[in-house]
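Report on the structure
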Amino acid sequence: KILLASICVAFIAVKWSAPSFNPESLRGARVLVTGASTGIGEQMAYHYARFGAQLVITARREKVLQQVAEKCLSLGAQKALYIAADMGSESDPERVVDFAREKLGGLDYLILNHIGPSPFSMWEGNVEHVRWLMKVNFFSYVQMAWKALDSLEQSKGSLVIVSSLLGKIPSPFVVPYTSTKFAVNGFFGALYHELAMRKSNVSISICTLGLIDTDSAMEKVRGVTDVPAYPATDAALNIIITGATRQPELFYPWFTHIVNLSKDWIPSATSYIIQNSYKYNP
Ligand code: NDP
C-alpha cells in the first residue's frame, strides 16, 4: 500500500511540475509530420491545423495526402503542403526534409511518426522483412533527424519521436516491429543526452504509446487480445503538447509508465502477463 501510494504521489508531482501548454505557441509554427495520411499522424495534422500551424505532411499515397491537406486548410492551417515519399528509399527521407525547409523557410517541429506495414504473426525467419522494416521505421528517422538538425538548432526547435511500449518491452507476434522501436528508442535516447551535453537548442521528446485505436492496429489485434485501445485523436494531442512543452518523455495512456516499470520490478509476472494476453493455440 505504501509503495502504491508513493507511486501515485510521484505521478501527481510529475504532472504538476510539467510546464503548461500555450496553444498560441503553435500559431505559425513550421511543422513536418511523417506518416500523416492515416492514423495518429493524420490526427496530429488536424490538431496542428486547428492551432494555426504551417504544415508539410508526408506518406506514400499522394491522393490521400491531398485530402488530408485540404482538410487541414479548412481547419485553420496557415499552410498545408504535401509530398509523397517512400521512407524505404535511400533518398526520400532527406528529400522530404529539404522540401519542408524550403517551402516553410525553416523548421520548428519534426514529428517522426511513420511505420511500414508489418504482419502480426509469429516470426518465421523472414530476415529480408526485418532489414526493410529497419530502413523504414529506423534508418529513415536517423536520416531525417540529421538532415533537420541545423534548422531545428536555428529555430530552437523540437524533434518528436513517436514510439511504442513495444520499444521498451519486447512483445510476441511483432518481432520485426518491436526491434525497430527498440532501435529508435536507443538512438534517440542517446542523442537526447548528447544534445543536452552540447547545450543544444533542440529538444527531443520520445513518446511511448500503448494500444491506439487506428485502423491498422485494430485490424491486427481485433479478437486476439482484450488490451484496451485508446483514441488516436487524444494520443495525437498528447504528443503535440509533449513536443510544444519540450518534455523529454510521454507515456500515453498514463499506465503504460507503470507497465514499463513493472518489467524490471516483477519480470517473471510481466512475462506471464505478456504471454497470456493473446488468444493463441499452437
Ligand atoms: P498507421 O499504420 O495508421 O499509419 C502509418 C503511416 O505511415 C501512414 O500514413 C502510412 O501512409 C505511412 N507509411 C507506411 N509505409 C510508409 C513508407 N514506406 N514510407 C512513408 N510512409 C509510410 O500507424 P499508426 O497511426 O497506428 O501509428 C503511428 C505511430 O504510432 C507509429 O510510429 C507507431 O509505431 C506508433 N504507435 C502506434 C500504436 C497503435 O496501437 N496504433 C501503438 C504504439 C505506437 P501510406 O500508406 O500512405 O504510406
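Below is a summary of the structure that appears in this document. As the structure is a computational prediction, the values presented were derived from the model and not from experiment. (Residues numbered from 1 in each chain as written. Predicted model: local features only at pLDDT ≥ 70, side-chain atom pairs only at ≥ 80, totals over all residues. Heavy atoms only, no water.)

What follows covers the packing of aromatic side chains. A complete count under the given rule lists twelve aromatic pairs for this structure. When the ring of Phe120 is compared with that of Tyr278, the centres are 6.1 Å apart and the planes differ by 50 degrees; the resulting orientation is tilted. Taken together, the positions of Phe120 in the loop between β4 (109-112) and α5 (127-155) and Tyr278 in the segment after α10 (267-275) put the pair 158 residues apart, joining distant regions of the chain. Taken together, the ring pairs connect Phe120, Phe173, Tyr278 and Tyr280 into an aromatic cluster. Over the face of the ring belonging to Tyr46 we find Lys71, whose NZ or CZ atom lies 4.3 Å from the ring centre. (Phe/Tyr/Trp six-rings, centres within 6.5 Å; stacked < 30°, edge-to-face > 60°. Helix = DSSP H or I, 4+ residues; strand = E, 2+ residues; numbered from the N terminus. Lys NZ or Arg CZ within 6 Å of the ring centre and 35° of its normal.)

Relative to the helices and strands, Lys168 is located in the loop between β5 (158-164) and α6 (175-197). Counting along the chain gives 42 residues from Lys168 to Asn126, while the straight-line C-alpha distance between them is 23 Å. When residues no more than four places from it in sequence are discounted, the contact partners of Lys168 are Phe182, Asn185, Thr208, Glu249, Phe251, Asn260 and Lys263. (Contact = heavy atoms within 4.5 Å.)

A separate point is the sheet that holds strand β1 (residues 30-34). Pairing within the open sheet is parallel, and its seven strands lie in the order β3-β2-β1-β4-β5-β6-β7. A single partner strand is all that each edge strand has here, and the edge strands are β3 (79-84) and β7 (249-252). Between one strand axis and the next, the sheet turns by 15 degrees as a mean value, whatever way the strands run. Contacting β1, β4 and β5, α5 crosses the sheet at an angle of about 160 degrees to β4. Against the sheet, α6 contacts β4, β5 and β6 (203-209), and its axis sits at roughly 150 degrees relative to β5. (Pairing = 2+ DSSP bridges. Axes fitted to C-alpha atoms, helices over the stretch in contact; angles between N-to-C directions.)

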